[in-house]
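# A closer look at the structure
The lines below spell out each chain.
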Amino acid sequence: MKAFIPGGPPSGLLLVLVCCPLLGLVQSAGGNKAGDNAHPHLGDADPERCMRHHFVETITHPIYKCNSKMVLLARCEGHCSHTTRSDPLISFSSVLKQPFKSTCSCCRPHTSKLKAVRLRCAGGTRITATYRYILACNCEECS
């Protein structure tokens, strides 16, 4: 494992970056408490963990004759915790419509941004297609 200590900013803060070549990740040794929950599997060596996967998709308009464009997309895929729970609910009614509260974890987009691509169509018109580009994935409670 290699450590790199850059000449920090004049504010006196020291940032230590640890590079782990086996995982291909760069982690902050100082610890970002706000970001720790955003990437619970950072550093996890399991290749089946919840993570972002890139793929290329061709966008074409379903009706109009437009030039198609290839775009880079991302999806969330992988395993989260295998633990699921079902807790009994307490009620003061004689009928329990939902007697248990179940919890499980699903691999979902954590952050994304809106992107757009313009297609050039017959007659010189342009049509804009929009989509969400996933920036990060996370194991979150299923609904």
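Residues numbered from 1 in each chain as written. Predicted model: local features only at pLDDT ≥ 70, side-chain atom pairs only at ≥ 80, totals over all residues. Heavy atoms only, no water.

The protein is annotated in an unreviewed UniProt entry as Norrin of Salarias fasciatus. UniProt, in the comment section headed Subunit (unreviewed entry), describes the protein in these words: "Homodimer; disulfide-linked. Component of a complex, at least composed of TSPAN12, FZD4, LRP5/6 and norrin (NDP). Binds FZD4 with high affinity. Interacts with LRP6 (via Beta-propellers 1 and 2)." Turning to the protein, the UniProt record has this under Subcellular location (unreviewed entry): "Secreted". (UniProt positions renumbered as here; feature names shortened; annotations may be inferred.)

### Observations concerning the state of the cysteines
Put plainly, a disulfide is one covalent bond tying together the sulfur atoms of two cysteines. Throughout the structure, instances matching the rule amount to five disulfides. Paired by a disulfide, cysteine 50 and cysteine 107 hold their sulfur atoms 2.2 Å apart. Sign of the S-S torsion, about 80° for the bond between cysteine 50 and cysteine 107, identifies this disulfide as right-handed. Here cysteine 50, found in the loop between helix H1 (33-36) and strand E4 (51-59), pairs with cysteine 107, found in strand E8 (residues 105-120); they are 57 residues apart in sequence, far enough to count as distant. The same class applies to cysteine 50 as to cysteine 107, namely buried. With a sulfur-sulfur separation of 1.7 Å, cysteine 106 is cross-linked through a disulfide to cysteine 142. Residues cysteine 106 and cysteine 142 share a disulfide whose torsion about the S-S bond is about 105°; that sign makes it right-handed. Within this pair, whereas cysteine 106 is found in strand E8, its partner cysteine 142 is found in the segment after strand E9 (126-141), the two being separated by 36 residues in sequence. Using a relative accessible area of 24% as the deciding quantity, one classes cysteine 106 as partly exposed. Counting only the cysteines that form disulfides, in the order they appear in the protein, gives the pairing 1-6, 2-7, 3-8, 4-9, 5-10. (Disulfide = S-S within 2.5 Å. Helix = DSSP H or I, 4+ residues; strand = E, 2+ residues; numbered from the N terminus. Buried < 20%, exposed > 50% of the residue type's maximum accessible area, 1.4 Å probe, protein only.)

### Quick look at the packing of aromatic side chains
The full count for this structure, using the stated rule, is zero aromatic pairs. Looking at arginine 75, its charged tip hangs above the ring of phenylalanine 55, at a distance of 4.6 Å from the centre. Note that lysine 115 overlies the ring of tyrosine 133, its terminal NZ or CZ placed 4.9 Å from the centroid. (Phe/Tyr/Trp six-rings, centres within 6.5 Å; stacked < 30°, edge-to-face > 60°. Lys NZ or Arg CZ within 6 Å of the ring centre and 35° of its normal.)

### What to know about a nonpolar patch on the surface
Where nonpolar side chains cluster on the molecular surface, the patch consists of Val56, Met70 and Leu72 and spans about 320 Å² of accessible area. Tracing the chain through its elements places methionine 70 in strand E5 (residues 69-77). (Patch = residues over 30% accessible without salt bridge, like charges linked within 9 Å, V, L, I, M, F, W, Y side chains within 5 Å. Areas by Shrake-Rupley, 256 points an atom, 1.4 Å probe, with all protein chains shown as cover. Salt bridge = Lys/Arg side-chain N within 4 Å of Asp/Glu carboxyl O.)

### Observations concerning the environment of glutamate 57
Examined against the element boundaries, glutamate 57 turns out to sit in strand E4. For the pair glutamate 57 and leucine 72, spaced 15 residues apart in the sequence, the C-alpha separation amounts to 6.5 Å. Those residues in contact with glutamate 57, other than ones at most four positions away along the chain, are Lys69, Met70, Val71 and Leu73. (Contact = heavy atoms within 4.5 Å.)

### Observations regarding the confidence of the model for the protein
Any region with low pLDDT has predicted coordinates that should not be read closely. The pLDDT averaged across the protein works out to 74; a share of 69% of its residues lies at or above 70. Scored below 50 in pLDDT, residues 1-42 makes 44 contacts in the model with residues more than four places away or belonging to other chains. (pLDDT = per-residue confidence, 0-100.)

### Concerning the environment of alanine 116
Structurally, alanine 116 can be placed in strand E8. Taking the relative accessible area as the measure of exposure, alanine 116 reaches 54% and is therefore exposed. The sequence separation of alanine 116 and threonine 130 amounts to 14 residues, and the corresponding C-alpha distance is 4.3 Å. With residues up to four places along the chain from it excluded, the contact list for alanine 116 reads Thr128, Ala129 and Thr130.

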